[in-house]
2 protein chains.
Amino acid sequence: MEEKTVKELKKIVGRDGVLHTPEDLAVYGYDGTFEDSSPDIVVLPETTEQVSRILQLAGRERIPVVTRGMGSGMAGASVPYRGGIVLTMTRMNRIIELDEENGMVLVESGIITAELQAEVEKKGLYYPPDPSSNRQSTIGGNIACNAGGPRCLKYGVTGDYVLGLTVVLPDGRILKTGGKTIKDVVGYDLKSLFTGSEGTLGVITEARLKLIAKPDVIHTASAEFPSLNDASRTVNAILSAGIVPVTLELIDDTAIACIEEAMSLGLPRDVEAMLIIETDGSDKDSVAREIERIGAICKENGARTVTVAKDEDERNNLWKARRSIAPSLARMSPNKLGEDITVPRNAIPEAVRRLKDISARHGLPIAVFGHAGDGNLHPNVLFDLRNPDERATMEKMIAEIFETALDLGGTLSGEHGIGSLKLPFMERAVDAVSLDVQKSIRNLLDPLGIMNPGKALPE
Amino acid sequence: MEEKTVKELKKIVGRDGVLHTPEDLAVYGYDGTFEDSSPDIVVLPETTEQVSRILQLAGRERIPVVTRGMGSGMAGASVPYRGGIVLTMTRMNRIIELDEENGMVLVESGIITAELQAEVEKKGLYYPPDPSSNRQSTIGGNIACNAGGPRCLKYGVTGDYVLGLTVVLPDGRILKTGGKTIKDVVGYDLKSLFTGSEGTLGVITEARLKLIAKPDVIHTASAEFPSLNDASRTVNAILSAGIVPVTLELIDDTAIACIEEAMSLGLPRDVEAMLIIETDGSDKDSVAREIERIGAICKENGARTVTVAKDEDERNNLWKARRSIAPSLARMSPNKLGEDITVPRNAIPEAVRRLKDISARHGLPIAVFGHAGDGNLHPNVLFDLRNPDERATMEKMIAEIFETALDLGGTLSGEHGIGSLKLPFMERAVDAVSLDVQKSIRNLLDPLGIMNPGKALPE
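Conventions used here
Residues numbered from 1 in each chain as written. Chains lettered and ligands numbered in written order. Predicted model: local features only at pLDDT ≥ 70, side-chain atom pairs only at ≥ 80, totals over all residues. Heavy atoms only, no water. Helix = DSSP H or I, 4+ residues; strand = E, 2+ residues; numbered from the N terminus. Rg over C-alpha atoms; globule rule 2.2 N^0.38 Å. Contact = heavy atoms within 4.5 Å. Phe/Tyr/Trp six-rings, centres within 6.5 Å; stacked < 30°, edge-to-face > 60°. Buried < 20%, exposed > 50% of the residue type's maximum accessible area, 1.4 Å probe, protein only. Lys NZ or Arg CZ within 6 Å of the ring centre and 35° of its normal. Pairing = 2+ DSSP bridges. Buried area = accessible area lost by both parts, 1.4 Å probe. Salt bridge = Lys/Arg side-chain N within 4 Å of Asp/Glu carboxyl O. Polar contact = N/O pair within 3.5 Å; in protein donor to acceptor, adjacent residues only side chain to side chain. Least-squares fit on C-alpha atoms with pLDDT ≥ 70 in both. Domains from an automatic or database assignment. Axes fitted to C-alpha atoms, helices over the stretch in contact; angles between N-to-C directions. Parallel < 35°, antiparallel > 145°, perpendicular 65-115°, else oblique. pLDDT = per-residue confidence, 0-100. Arc of directions from axis to C-beta. Left-handed = near helix turned anticlockwise from the far one by under 90°. Nonpolar A, V, L, I, M, F, W, Y, C, P; charged D, E, K, R; others polar.

### Looking at the overall build of chain A
A count of helices and strands for chain A gives 16 helices and 18 strands. By the compact-globule yardstick of 23 Å for 459 residues, chain A fits well, its C-alpha radius of gyration being 22 Å. A principal-axis box enclosing the C-alpha atoms of chain A has dimensions of 70 × 60 × 45 Å. Across chain A, contacts joining residues at least 24 apart in sequence account for 71% of those joining residues at least 6 apart.

Listed below in structure tokens is the structure:
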């Protein structure tokens, strides 16, 4: 990068807002996958105005800009393959206004999701979306990927809580959309266009989010299934009974084995699957009755045991198990590729069968877990990146996993996004006219192609 | 319209799919407001393919196209001020697939909303969005306006149920977006862009909608408030207690008086306001306890009486009152203009005070009612269009109503849209950069400007 450009960036954000030693650059080159590529420079803005000036400079000099929260993405979206500027939003992490009366919060986009959640919960409010990365990921990253999480079955995904955004467009203009109203049909819904656009249409600097009242009562149950197929069938049996639990998570035996190897939490090693199910509400008796009804449905569908957590400790233990799947898999295998397919919920048993078949045919383990209640599964292929055969096999398996999802009326991603890793499959998943319109909108807003080039949409 | 064009349209949709006698044209020139302007021709397509051919023809000949459901819009969006083609979608009214297992339905866009609701309820399923027009309005019109309704407080608006759309673009290309998955972050969210775009970005021909389980238990209560201000304050008191009723409707004394003049339903004529509140769920005791808690909050905040409907008859009577407000107002006054402002929910008492003050200062009655729970009020100005003074006064009052909404952090429309009637106020309500981006997206998709010209966005 030219000295003149570096100087100008330092003028915009201050000397300490620009990083460019090789060590610094290495730290900002990876994400939650095994992808890695250093940027030319890292810039840490503190205001929307600074972001605007940085993008104007980048446009003038045709420098690629990759916006980054905490780099926990699962599809390569924040990896700067083409160098350029990594725009790290973590210094913009303030809560600007917590409006208790209207149940809304206005934040800068670099705030960590769990920190925001802790703050609003102090006031009896609740921000439901809970990507498993919520202790490191930022709200801005969550919005850019329209992140989900276990609780999204009942409460909806990140985008369902976005009331308004401040976005710096690729040409530096500052756009504001939405506000303090719950319903708003004035003009086109631009906030939904930016939500999930993976940093390709602009930089989200502020977000106004809807909050709900914190539920008073939560019950969490685990059900052990000798048969994975029975566990899969049970998901739709519960939902078809008209019950919408908060979470309905599936964990298969491969995942259980990895958790137990890594942490010895006392999970059953002699079953093919577990379901973790949670219900909540404000009415104690009704929540208790709901978890009982769910337990009965599990038993009718082949659960060996159903255990309702008796206290906060037992509850935390179950969630500890669920949250530690990804790190446990990482300990058990040199590498893993975690996918994020979704299928119609009645296709879950068939999807799980086919995933296990792919694993058997190719000889690499696939751990299957995820938010089965909304048809969103995370098949993780375990492999060794240093072994070229295993990498090639993994790639074949990933292709078959996507084929499976599409065959069953599903799609490539429920909450991780496309990034770079899923690009080769996008043309099969998305209608050609739709893709063409998406590309033309991108080109309209970013004619110079500086925003996260090579991501989210095929070129 | 040229004879050649009429012939070509008849070739596309058949002779009986084209209407052009003066009587026919008059019938397709109005909407739910007092606006009126005849098209040059009415075309009733039966397939997406026919719509595509019609739009290709319209583009070639530069003929404006106004898509129309049942003409119940409240902002002039379906009035063909510039003549051209009215594309009436009512022959495309089939249920293509009711997928009970996945809780989804695929429909053609011309189906009447209440007919769809009745069909899915036969299977124990439920389509919550319930615009007051649901017995005449179509799903396509609901999506084009992102329609709301009383139940949207708990269940969300039309857009929250749209899983996928088939849209014919202005150039005739057929675009498909979304599918049978609940979560989908593959590419940009185009379905939300088309939802609420008021027929300016294309013609919605099919929609896949999410359904939920039909609630087993519903309780409906009415609360009578001697003071309108107390009724307004109660709205936020209920929501701040962490309760989310299905509906939380406000009806003021002007509206009550009109209903009673028209229908004599036995509503109290000696109070300033009523609230109609509904709760639902699957747990009988819990729903009953919730309505009791709400009743107690009403009493604490100044309700004279709270009555819970004892049976379906009493419940229907309350909803009959609510639904008959608009027709009753129409009977009491030669004309009415019904607005649709939204404000943050804690601003409702101040908004209601200011609305009453506008009425007092200008001397024309304003009936205030609406979905107070989500801050969405329908102030209706009663006037006589034949009296030029009253029309001028009404126009001043409408401008002040919008100023009030914007002053209080609200906006112009919660569920009716902009159409033609609210266009003059849009630049004050929407960020200039956002408006510019919206216009450029419209121009990108409709460079010839044939789709509902002069609506939704300022030119």
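### Quick notes on the packing of aromatic side chains
Evaluated as defined, the whole model comprises eight aromatic pairs over all chains. Ring plane angle 70° and centroid distance 6.2 Å describe the contact between Tyr126 of chain A and Tyr155 of chain A, whose orientation is recorded as edge-to-face. Of this pair, Tyr126 of chain A sits in strand β7 (residues 125–126) while Tyr155 of chain A sits in helix α6 (residues 152–155), and the two are 29 residues apart along the sequence. Neither Tyr126 of chain A nor Tyr155 of chain A differs from the other in exposure class; each is buried. Ring centres of Phe34 of chain B and Phe383 of chain B lie 5.9 Å apart, and the angle between their planes is 80°; this geometry places the pair in the edge-to-face category. Of the two residues, Phe34 of chain B sits in the loop between α2 (22–27) and β2 (41–43) while Phe383 of chain B sits in strand β18 (residues 376–383), which places them 349 residues apart along the sequence. Classification of Phe383 of chain B as buried rests on a relative accessible area of 1%. Taking NZ or CZ as reference, Arg68 of chain A lies 4.9 Å from the ring centre of Tyr30 of chain A, over its face. Of note, Lys210 of chain B hangs over the ring of Tyr161 of chain B, and the distance from its end group to the ring centre comes to 5.6 Å.

### Comments concerning the pairing of strand β8 (residues 162–168) of chain B
Residues and elements named next belong to chain B. Within β8, seven of the seven residues are buried, which leaves the element mostly enclosed by the surrounding structure. Both β8 and strand β10 (residues 203–210) contribute to a ladder of six bridges, which runs antiparallel. Residue Val167 lies in a different strand from β10, and its bridge partner there is Ile204. Where β8 and strand β9 (residues 174–178) come together, five bridges link them in antiparallel fashion. Bridging from a neighbouring strand, Leu165 pairs with Thr177 of β9. In this antiparallel pair of consecutive strands, β8 and β9, the connection spans five residues, and Gly172 shows a positive phi of 95°.

### Here's the deal with the interface of chain A and chain B
Contact with chain A, which involves 74 residues of that partner, is made by 74 residues of chain B. Taking both sides of the interface into account, the surface hidden between chain A and chain B amounts to around 5,600 Å²; carbon and sulfur atoms contribute 58%. A per-residue breakdown of the area chain A buries against chain B is headed by Lys183, Val185 and Tyr188 of chain A, which together make up 18% of the total. Measuring nitrogen to oxygen at the nearest pair gives 2.6 Å for the salt bridge that ties Arg289 of chain B to Asp283 of chain A. If you look at where chain A meets chain B, you find 26 residue pairs in polar contact (both at pLDDT 80 or more). The set of elements that each furnish at least two residues to the side of chain A that touches chain B consists of β9 (174–178), α7 (190–194), α8 (228–240), α10 (284–300) and α16 (432–445) of chain A.

### Description of the relation of the copies chain A and chain B
Expressed as a screw transformation, the operator carrying chain A onto chain B has a rotation angle of 180° and an axial translation of 0.0 Å, and the superposed copies differ by an RMSD of 0.0 Å. When the rotation and shift are considered jointly, the pair of chain copies conforms to a two-fold rotation axis.

### A closer look at the domain arrangement of chain A
Residue and element names in this part refer to chain A. Domain boundaries in chain A define domain 1 (3–88), domain 2 (95–213), domain 3 (215–331) and domain 4 (333–422). Taken over C-alpha atoms, the centre of domain 2 sits 29 Å from the centre of domain 3. Each partner contributes residues to the interface: domain 2 has 10 residues there, and domain 3 has 12 residues. In this assembly, domain 2 packs against domain 3 so that about 930 Å² is buried in total across both faces, 59% of it on carbon and sulfur atoms. Among the residues domain 2 hides against domain 3, the three largest losses belong to Pro150, Leu153 and Lys154. Together they make up 54% of the total. Across the salt bridge formed by Lys154 and Asp280, the nearest N and O atoms sit 2.6 Å from each other. The tally of links between domain 2 and domain 3 comes to three residue pairs in polar contact (both at pLDDT 80 or more). Element by element, the count of residues in the side of domain 2 that touches domain 3 is highest for α6, at four residues.

### Concerning the sheet that holds strand β6 (residues 104–108) of chain A
Residue and element names in this part refer to chain A. Read from one edge to the other, the open sheet built from five strands follows the order β5-β6-β10-β8-β9, with strand pairing classed as antiparallel. Strands at the two margins of the open sheet, each flanked by one partner only, are β5 (95–99) and β9. Across this sheet, the average inter-strand angle for adjacent strands is 10°, counted without regard to direction. The strands touched by helix α4 (residues 113–121) within the sheet are β5, β6 and β10 (203–210), with β5 carrying the most contacts at an inclination of about 35°.

### Comments concerning the packing of helix α9 (residues 253–263) of chain B against helix α12 (residues 325–332) of chain B
Residues and elements named next belong to chain B. Axis separation between α9 and α12 bottoms out at 8 Å; the angle between their running directions is 80°. When the axes of α9 and α12 are compared, the pair comes out roughly perpendicular. Along the contact surface, α9 presents Ala255, Cys258, Ile259, Glu261, Ala262 and Met263, while α12 presents Ile325, Ser328, Leu329, Arg331 and Met332.

### Digging into the pattern of salt bridges
All names here are of chain A. Following the criterion strictly, the structure yields 78 salt bridges over all chains and no others. Put simply, Glu459 and Arg82 hold a salt bridge, and the shortest N to O gap is 2.8 Å. Pair noted here: Glu459 is in the segment after α16 and Arg82 is in the loop between β3 (65–68) and β4 (85–88), with a separation of 377 residues, a long-range link. Judged by relative accessible area, Glu459 falls into the exposed class, the value being 70%.

### Some details on the pairing of strand β5 (residues 95–99) of chain B
Residue and element names in this part refer to chain B. Relative to strand β6 (residues 104–108), β5 runs antiparallel, the two being bridged by four bridges. What sits directly across from Leu98, in β6, is Val105. The turn joining β5 and β6, which pair antiparallel and follow one another in sequence, is formed by four residues; a positive phi near 65° is taken by Gly103.

### Focus on the sheet that holds strand β3 (residues 65–68) of chain B
Residue and element names in this part refer to chain B. The strand order across the open sheet formed by four strands is β1-β2-β4-β3, and the pairing between neighbours is mixed. Since the sheet does not close on itself, it has two edges, and those belong to β1 (18–19) and β3, each with one partner. Relative to strand β4 (residues 85–88), β2 runs parallel, the two sharing three bridges. By the bridge assignment, Ile41 is partnered in β4 with Ile85. Sheet strands in contact with helix α3 (residues 48–61) are β2, β3 and β4, and its direction is about 170° off that of β4.

### Notes on the confidence of the model for chain A
Detailed reading of the predicted coordinates is not advisable wherever pLDDT is low. Summary statistics for chain A give a mean pLDDT of 96 and a share of 100% for residues scoring 70 or more. Complex prediction metrics read pTM 0.97 and ipTM 0.97.

### Some details on the side chain of Glu206 of chain A
In this fold, Glu206 of chain A is placed in strand β10. Sequence-distant contacts of Glu206 of chain A, that is, excluding residues within four places in its chain, are made with Thr48, Ile96, Leu106, Val107, Glu108, Ser109, Gly164, Leu165 and Thr166 of chain A.

### Comments concerning the side chain of Arg68 of chain A
Residue and element names in this part refer to chain A. One can find Arg68 in strand β3. A distance of 3.5 Å separates the side chain of Arg68 from the backbone oxygen of Val27, its partner in a polar contact. A distance of 3.5 Å separates a polar atom in the side chain of Arg68 from the backbone oxygen of Tyr28. Not counting residues within four places of it along the chain, the set of residues in contact with Arg68 comprises Val27, Tyr28, Gly29, Tyr30, Ser78, Val86, Leu87, Thr88 and Met89.

### Details of helix α1 (residues 3–13) of chain A
All names here are of chain A. Turning to α1, its buried residues number three or more, namely Thr5, Val6, Leu9, Lys10, Ile12 and Val13. What you see down the axis of α1 is that its buried residues fit within an arc of 160°, all on one side. Opposite the packed face of α1, turned more than 90 degrees from it, sit the exposed residues Glu3, Lys7 and Lys11. On its buried face, α1 sits against β1 (18–19), β2 (41–43), α3 (48–61) and β4. One or two steps after α1, the chain reaches Gly14, where phi turns positive at roughly 90°.

### Describing the packing of α16 of chain A against helix α16 (residues 432–445) of chain B
One can describe the packing of α16 of chain A onto α16 of chain B by two numbers: an axis separation of 11 Å at closest approach and a directional angle of 135°. One finds that α16 of chain A runs oblique with respect to α16 of chain B. Note on packing geometry: the crossing formed by α16 of chain A with α16 of chain B is right-handed. The residues of α16 of chain B that touch α16 of chain A, namely those facing Val437, Ser440, Ile441, Leu444 and Leu445 of chain A, are Val437, Ser440, Ile441, Leu444 and Leu445 of chain B. Across the contact of α16 of chain A with α16 of chain B, the residue classes tally to eight nonpolar, two polar and no charged.

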